[in-house]
Amino acid sequence: MSLQVMGKTFRHGVHPEEHKEQTEQLPIQRMPFADRFVLPLSQHLGAPCKPAVNVGQRVQRGQVVGEPGGFVSMTLHSPVTGRVAAIGPRRHPNGSLVPCIEIEADPYSTQEIATSPAVDWESLSLDDFILHVQKAGLVGMGGAAFPTHVKYKLPEGRRCQRLLINGCECEPYLTCDHRVMVEYAQAVVRGTQIVATKLGADSATIGVELNKPDAMLALDAAIPAGTNIRVASLKVKYPQGAEKMLIKALFGEEVPAGKLPLDLNIVVNNVGTMLSLADYFDHGKPLIERVLTVAGPGIDRPANLMVPVGTPVRDVMRHCGLNEETRQVVMGGPMMGQPLASLDVPVLKGTSGLLAFTDESISHAEEYACVRCGQCLEACGNFLNPSRMARLARAGRWEEMENAHVADCVECGACTYTCPSGVPIVHLIRAAKAAIRQGKAKAS
Amino acid sequence: MTKRDPHLLLQAAPFLRRGITTPGLMMDVLLGLAPLVLAAIYFFGLSAVLVLLTCTIGAVATEWALSPARPRGSSIKDGSAILTGIILGLCLPPAIPLWMAFLGGVAAIGLGKLMFGGLGQNLFNPALVGRAFLQAAFPTAITTWSQQGTITEFWGLRLSSWYVPFTHWVPDWLRILLEGVFGPQVDVISSATPLAFIKFGGEAAPFNNLLLGNTAGSLGETCALLIIICGIILAFRRTFDWRIPVSILLTVAAASGIVWLFNHDSPSPLYMLLSGGLLFGAVYMATDPVTSPIAPRGAWIFGIGVGLIVVLIRLWGGLPEGVMYAILLMNAATPLIDRIAQPRAFGRTITGEVSA
């Protein structure tokens, strides 16, 4: 057995209360189909896709409805059998209006998936493999939704020496990756094996935090003999799931600032992505649904749900019993998630959780003067000086912030979580970054 | 069409907080000071209570009167004014006239903190500004150290506490009143501190006395053992940066040790460490986060600087004690230290270049 007992970790970081007990033992259930689905044409980083269907057209579950609008773009599939009701602007979870395809579900359909047959991945060339990953609509399912195939397009002079599968799930409350690793360990390992083989990786490591021992055991049991895949245990710490922190924790190497893991010949994927990838190559099923955690003090029936992409948040909330006292609904985790102004927004490919907070569970941090206690420096995994950033941001001294490497900040929020003075440090940094971007856009 | 959900808040992430607040941190330090306060009362009796109380009242009253925070007095609840008052009181001699102690509290908050813009903005440790003010204004009173044990009665007071401002006497009616309530009042029997002994008299206090606090000195600085224990607890609770006291003490030990090797007449490193306000200053005053460097490298530089200046003043300066000026000088250097000692960012070299 290749399990290590001692967990590795990175320097700095914080230890928020985990709040995972609500859902970590709950098996994944299937969410019933909603009446209507909204598919933003851009749910990933990169160019939006182009609609490949017309209004009124009947579509089958799994059928292509959007073609990639470039290399850094994805194929989009219908999550449901039904009829295209509209193509037009709809509300994105981030509050903006974006072009979407709206699909009305057929209430009498058996919801058979229009799968293509399994793909014989072993005989594919690397370029064809990448094309298939794009056709599967795969994005990073840990939250950032970076197109997966782009990571596999290795630039000249780089190779994927080490494949790293991210099973940290360091955000409190979220347990969807945990359940995926426990219940779909075979598929996760299978996906890892496919990617490792196609990219020619020397080794593949699945990093899991020590609070998920059942996931580690399940993965370990699923690894076939004679493969170079191993499970590595990590101490529980936030933000260990940030890929640079994870690489530091496992390999002791620092990804140079502004560079990618590929510069160290490492490719990082999320466990959920591996499950979807295995589903595509083994069963021909594209990314049309995902597992997400619905939890928080405002939820009556917390759950880990398999939800079709495009399902309105309101339907998910109704299914899980949204409490009357809920004052805030968050898409994603409690440290980096997106607060929702309206529940009429769809679940995206990158949505890992939906959390509801009641009034008393929201931290209304009272603000005091910064006393330079330095706890934010000890929280920052990127070794920045958040206290100074906040001060500079309040004074509008953008240039000095750039010199202090504000661009290196990943906005994990650890500084703000830990600040005893309740200074909204990460908010100030986000605002400063936006101002710096605007300034540059105006200058050019 | 899109329905709004107006009851939903749009507060941005992170939605969780650690739940430790700045007043909580101040409370931590106050709790860490409590044993010292009790020891001061044990050693110096009721006059310790009076001095500490007067300093704190002076500090809090000034915060209330002069702080721009509105509603008036709302800045008192961050706890920093109370802390400044207590720390100032602990570094004053027990027999100091109370009106001076009050003035010290006023100067600490008014000149040391509010003048710079309030909590978090001040350049110098406010308590030390208060003490420096008193030392400049009343050099005799602040260096009149009463020997412990001259008052065996806890209720016995030192007459000098009640001096009318700018005089050296107590009105008869007050003396009669005090003696009626508290019993006979004594005048100060002054005694040199261990450091003054060695500087000007050449006679050293026994180590046991230094360690346990049976010496003359400021209220809070006499019991070395207690300061060490409280300091270790606070450091483990991460209330302050352990690097600062550690680097100060190591530097003092090393520098005075080198001198002592060549000249056995100078005080030994152990004597330097345990005497005077060094431990108290290193643990409770140099560690004030507002006025010390924020990054670890800066903390080392700061601590080494304080240690060297202490040794310089004590061995070759005109004063027996140098901790106050050492810390104040390094406070002034803190913005510069912060400038050169920023943390090394992840994936970069120490100079900020992208690492290869």
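Because the structure is a prediction, the values reported are computed rather than measured.

### Side note on the overall build of chain A
(1) Moving on: Helix and strand counts for chain A come out as 13 helices and 17 strands.
(2) Moving on: Against the 2.2 N^0.38 benchmark of 22 Å for 444 residues, chain A shows a C-alpha radius of gyration of 21 Å, consistent with a compact globule.
(3) Moving on: Counting the 444 residues in chain A, one finds 56% classified as buried.
(4) Moving on: Put simply, of all contacts in chain A between residues at least 6 apart along the chain, 73% involve residues at least 24 apart.

### Some details on the domain arrangement of chain B
Residue and element names in this part refer to chain B.
(1) Moving on: Along its sequence, chain B is organised into domain 1 (23-144 + 148-188) and domain 2 (193-337).
(2) Moving on: Tallying the contact residues gives 30 residues for domain 1 and 28 residues for domain 2.
(3) Moving on: For the side of domain 1 that touches domain 2, the elements supplying multiple residues, two or more each, are helix 1 (22-44), helix 2 (46-66), helix 3 (80-90) and helix 5 (126-137).
(4) Moving on: Among the elements that make up the side of domain 1 that touches domain 2, the one with the highest residue count is helix 1 (eleven residues).
(5) Moving on: Here the side of domain 1 that touches domain 2 is built from residues that sort into 22 nonpolar, six polar and two charged.

### Here we look at the confidence of the model for chain B
(1) Moving on: Across chain B, the average pLDDT comes to 86, with 87% of residues at 70 or higher.
(2) Moving on: Across the predicted assembly, pTM comes out at 0.91 and ipTM at 0.87.

### Some details on the pairing of strand 7 (residues 82-91) of chain A
Residues in a regular strand project their side chains so that they alternate between the two faces of the sheet.
Residues and elements named next belong to chain A.
(1) Moving on: As paired strands, strand 4 (residues 58-59) and strand 7 are joined by two bridges and run antiparallel to one another. Looking at strand 7, one finds that Val-59 is bridged to Gly-82.
(2) Moving on: As consecutive antiparallel partners, strand 7 and strand 8 (residues 97-105) are separated by five residues, and within that stretch Gly-95 has a phi angle of approximately 100 degrees, a positive value.

### Quick look at the domain arrangement of chain A
Residue and element names in this part refer to chain A.
(1) Moving on: Assigned domains within chain A: domain 1 (3-26 + 149-283) and domain 2 (375-443).
(2) Moving on: For domain 1 versus domain 2, the distance between C-alpha centres works out to 28 Å.
(3) Moving on: Taken together, the eleven residues of domain 1 in the interface contact 13 residues of domain 2.
(4) Moving on: Here the residues of the side of domain 1 that touches domain 2 sort into eight nonpolar, three polar and no charged.

### Description of the interface of chain A and chain B
(1) Moving on: Taken together, the contact between chain A and chain B spans 50 residues of the former and 40 residues of the latter.
(2) Moving on: Among the elements of the structure, strand 15 (326-331) and helix 12 (414-418) of chain A are those that each provide at least two residues to the side of chain A that touches chain B.
(3) Moving on: Here the side of chain A that touches chain B takes four residues from strand 15 of chain A, the largest share from any one element.
(4) Moving on: Of the residues that constitute the side of chain A that touches chain B, the class distribution is 27 nonpolar, 16 polar and seven charged.

### Thoughts on helix 5 of chain B
Residue and element names in this part refer to chain B.
(1) Moving on: The terminal C-alpha atoms of helix 5, which comprises twelve residues, lie 16 Å apart, in line with the 16 Å expected from a rise of 1.5 Å per residue.
(2) Moving on: Taken across its twelve residues, helix 5 has nine buried, putting it largely inside the fold.
(3) Moving on: Of all the residues in helix 5, the buried ones are Pro-126, Ala-127, Leu-128, Val-129, Gly-130, Arg-131, Ala-132, Phe-133 and Leu-134.

### Re the sheet that holds strand 16 (residues 338-339) of chain A
All names here are of chain A.
(1) Moving on: Read from one edge to the other, the open sheet built from six strands follows the order 1-14-13-17-15-16, with strand pairing classed as mixed. With partners counted over all chains shown, the strands left at the sheet margins are strand 1 (29-30) and strand 16, one partner each.
(2) Moving on: Note: strand 15 against strand 17 (residues 353-358), five bridges, orientation antiparallel. Within strand 17, the position partnered with Val-330 by the bridge is Leu-355.
(3) Moving on: Along the sheet face, helix 3 (residues 176-183) touches strand 13 (289-295), strand 14 (303-308) and strand 17 and points at about 125 degrees away from the line of strand 13.

### Description of the environment of Ala34(B)
(1) Moving on: Relative to the helices and strands, Ala34(B) is located in helix 1.
(2) Moving on: Spatially, the C-alpha atom of Ala34(B) lies 34 Å from that of Ser266(B), the residues being 232 residues apart in sequence.

### Some points on the nonpolar core
(1) Moving on: Residues Val188(A) and Leu219(A) are the most contacted members of the largest nonpolar core, which totals 229 residues.
(2) Moving on: Look past the residues within four positions of Val188(A) in its chain and what remains in contact with it is Val180(A), Met181(A), Leu219(A), Val271(A), Met274(A) and Leu275(A).

### A closer look at unusual backbone geometry
(1) Moving on: A cis amide bond links Ala13(B) with the next residue in sequence, Pro14(B), at an omega value of 0 degrees.
(2) Moving on: If you trace the backbone, Pro14(B) turns up in the segment before helix 1.
(3) Moving on: Pro71(B) follows Arg70(B) through a cis peptide bond whose omega is 0 degrees.
(4) Moving on: Here Pro71(B) is to be found in the loop between helix 2 and helix 3.
(5) Moving on: The phi torsion at Tyr173(A) lies on the positive side, around 70 degrees, for a residue other than glycine.
(6) Moving on: Among the structural elements, Tyr173(A) can be located in the loop between strand 9 (162-167) and helix 3.
(7) Moving on: Judged by C-beta crowding, with 32 C-beta atoms within 10 Å, Tyr173(A) ranks as buried.
(8) Moving on: Of note, the phi angle at Asn265(A) is positive, near 60 degrees, even though the residue is not glycine.
(9) Moving on: Assignment of secondary structure puts Asn265(A) in the loop between helix 6 (243-251) and strand 12 (266-270).

### Considering the sheet that holds strand 8 of chain A
Strand pairing within a sheet occurs via backbone hydrogen bonds; the two strands may be parallel or antiparallel.
All names here are of chain A.
(1) Moving on: If you trace the four strands from one edge of the open sheet to the other, you get 2-8-7-4, paired in antiparallel fashion. This sheet does not close on itself; its edge strands, each paired only once, are strand 2 (36-40) and strand 4.
(2) Moving on: Alignment of strand 2 against strand 8, held across five bridges, turns out to be antiparallel. By the bridge assignment for strand 8, Arg-36 is matched with Glu-104.

### Overview of the pairing of strand 17 of chain A
Residue and element names in this part refer to chain A.
(1) Moving on: Burial within strand 17 is extensive, with five of its six residues counted as buried.
(2) Moving on: The pairing of strand 13 with strand 17 spans three bridges and is classified as parallel. The partner of Thr-293 across the bridge, within strand 17, is Gly-353.

### Side note on the environment of Arg290(A)
All names here are of chain A.
(1) Moving on: Examined against the element boundaries, Arg-290 turns out to sit in strand 13.
(2) Moving on: Overall, Arg-290 belongs to the buried group, with 25 C-beta atoms counted inside 10 Å.
(3) Moving on: Here the alpha-carbon distance between Arg-290 and Val-180, two residues 110 residues apart in the chain, equals 9.9 Å.
(4) Moving on: If we skip the residues at most four places from it in the chain, Arg-290 touches Met-141, Gly-272, Val-307, Val-309 and Lys-349.

### Observations regarding the environment of Arg372(A)
(1) Moving on: Checked against the element boundaries, Arg372(A) lands in the loop between strand 17 and helix 9 (375-379).
(2) Moving on: Each C-alpha atom of the pair Arg372(A) and Arg388(A) lies 8.7 Å from the other, and the pair is 16 residues apart in sequence.
(3) Moving on: Look past the residues within four positions of Arg372(A) in its chain and what remains in contact with it is Ser387(A), Gly120(B), Pro289(B), Val290(B) and Ile294(B).

### Here's the deal with the packing of helix 2 of chain B against helix 3 of chain B
Residue and element names in this part refer to chain B.
(1) Moving on: Between helix 2 and helix 3, whose axes approach to 8 Å, the crossing angle comes to 145 degrees. Of the two elements, helix 2 crosses helix 3, and the hand of that crossing is right-handed. Two secondary-structure elements touch here, helix 2 through Val-51, Leu-52, Cys-55, Thr-56, Gly-58, Ala-59, Val-60 and Glu-63 and helix 3 through Ala-81, Ile-82, Thr-84, Gly-85, Ile-86, Leu-88 and Gly-89.
(2) Moving on: Counted by class, the contact of helix 2 with helix 3 contains nine nonpolar, five polar and one charged residues.

Reading guide: rules and limits
- Residues numbered from 1 in each chain as written.
- Chains lettered and ligands numbered in written order.
- Predicted model: local features only at pLDDT ≥ 70, side-chain atom pairs only at ≥ 80, totals over all residues.
- Helix = DSSP H or I, 4+ residues; strand = E, 2+ residues; numbered from the N terminus.
- Rg over C-alpha atoms; globule rule 2.2 N^0.38 Å.
- Buried ≥ 20, exposed ≤ 12 C-beta atoms within 10 Å, placed from the backbone.
- Contact = placed C-beta atoms within 7 Å.
- Domains from an automatic or database assignment.
- Nonpolar A, V, L, I, M, F, W, Y, C, P; charged D, E, K, R; others polar.
- pLDDT = per-residue confidence, 0-100.
- Pairing = 2+ DSSP bridges.
- Expected span 1.5 Å × (residues − 1).
- Axes fitted to C-alpha atoms, helices over the stretch in contact; angles between N-to-C directions.
- Core = buried A, V, L, I, M, F, W, Y, C linked by C-beta atoms within 7 Å.
- Left-handed = near helix turned anticlockwise from the far one by under 90°.

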